[in-house]
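Fold and geometry: a report
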Amino acid sequence: MKLKVRVVHYRCDRWYADIDDADDRQPDDPFWYADCRTQAEAIALACTELAALDQRIAAGGVPSRISQAPLQVA
C-alpha cells in the first residue's frame, strides 16, 4: 500500500491535512484527516499519524478509512 499526505491551505487561517491511498481516485474517504491552524501543525500531525499507520501496517494491521471507524458516542 502506498500512502500519501496532502496538505491544503483552504482559508486564510486554516489548513487541511489527510492521509490516503496514493492510488485512490476518490479522495473523499481518507484513512485520517485533520483541520489545523498552521501549515507546520498540519505537516507535523500528518507525519506523526503516517508513522503510526506505518507501524500498524508493519505489525500486520490493516488501516481503516474514516467511514469504517467505529462510532464514538459521548
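Values in this document were obtained by computation on a predicted structure and should not be read as measured data.

1. Overview of the pairing of strand 1 (residues 3–11)
- Judged from the eight bridges that link them, strand 1 and strand 2 (residues 14–21) form a sheet pairing that is antiparallel. Its bridge partner being in strand 2, H9 is matched across the sheet by W15.

2. A word on the side chain of R14
- As for its position among the elements, R14 is in strand 2.
- Its relative accessible area of 13% is what places R14 among the buried residues.
- Non-local contacts of R14, meaning those with residues more than four positions away in its chain, are made with V8, H9, D35, C36 and R37.

3. Re the side chain of D20
- Structurally, D20 is set in strand 2.
- Of the residues examined, D20 reaches a relative accessible area of 2% and is grouped as buried.
- There is a polar contact of 2.7 Å between the side chain of D20 and the side chain of R65.
- With residues up to four places along the chain from it excluded, the contact list for D20 reads K2, L3, K4, Q26, P27, D29, P30, F31 and R65.

4. Thoughts on the environment of S67
- Locating S67 in the fold gives a position in the segment after helix 1 (39–58).
- There is a polar contact of 2.5 Å between the side chain of S67 and the side chain of D29.

Calculation rules
- Residues numbered from 1 in each chain as written.
- Predicted model: local features only at pLDDT ≥ 70, side-chain atom pairs only at ≥ 80, totals over all residues.
- Heavy atoms only, no water.
- Pairing = 2+ DSSP bridges.
- Helix = DSSP H or I, 4+ residues; strand = E, 2+ residues; numbered from the N terminus.
- Buried < 20%, exposed > 50% of the residue type's maximum accessible area, 1.4 Å probe, protein only.
- Contact = heavy atoms within 4.5 Å.
- Polar contact = N/O pair within 3.5 Å; in protein donor to acceptor, adjacent residues only side chain to side chain.

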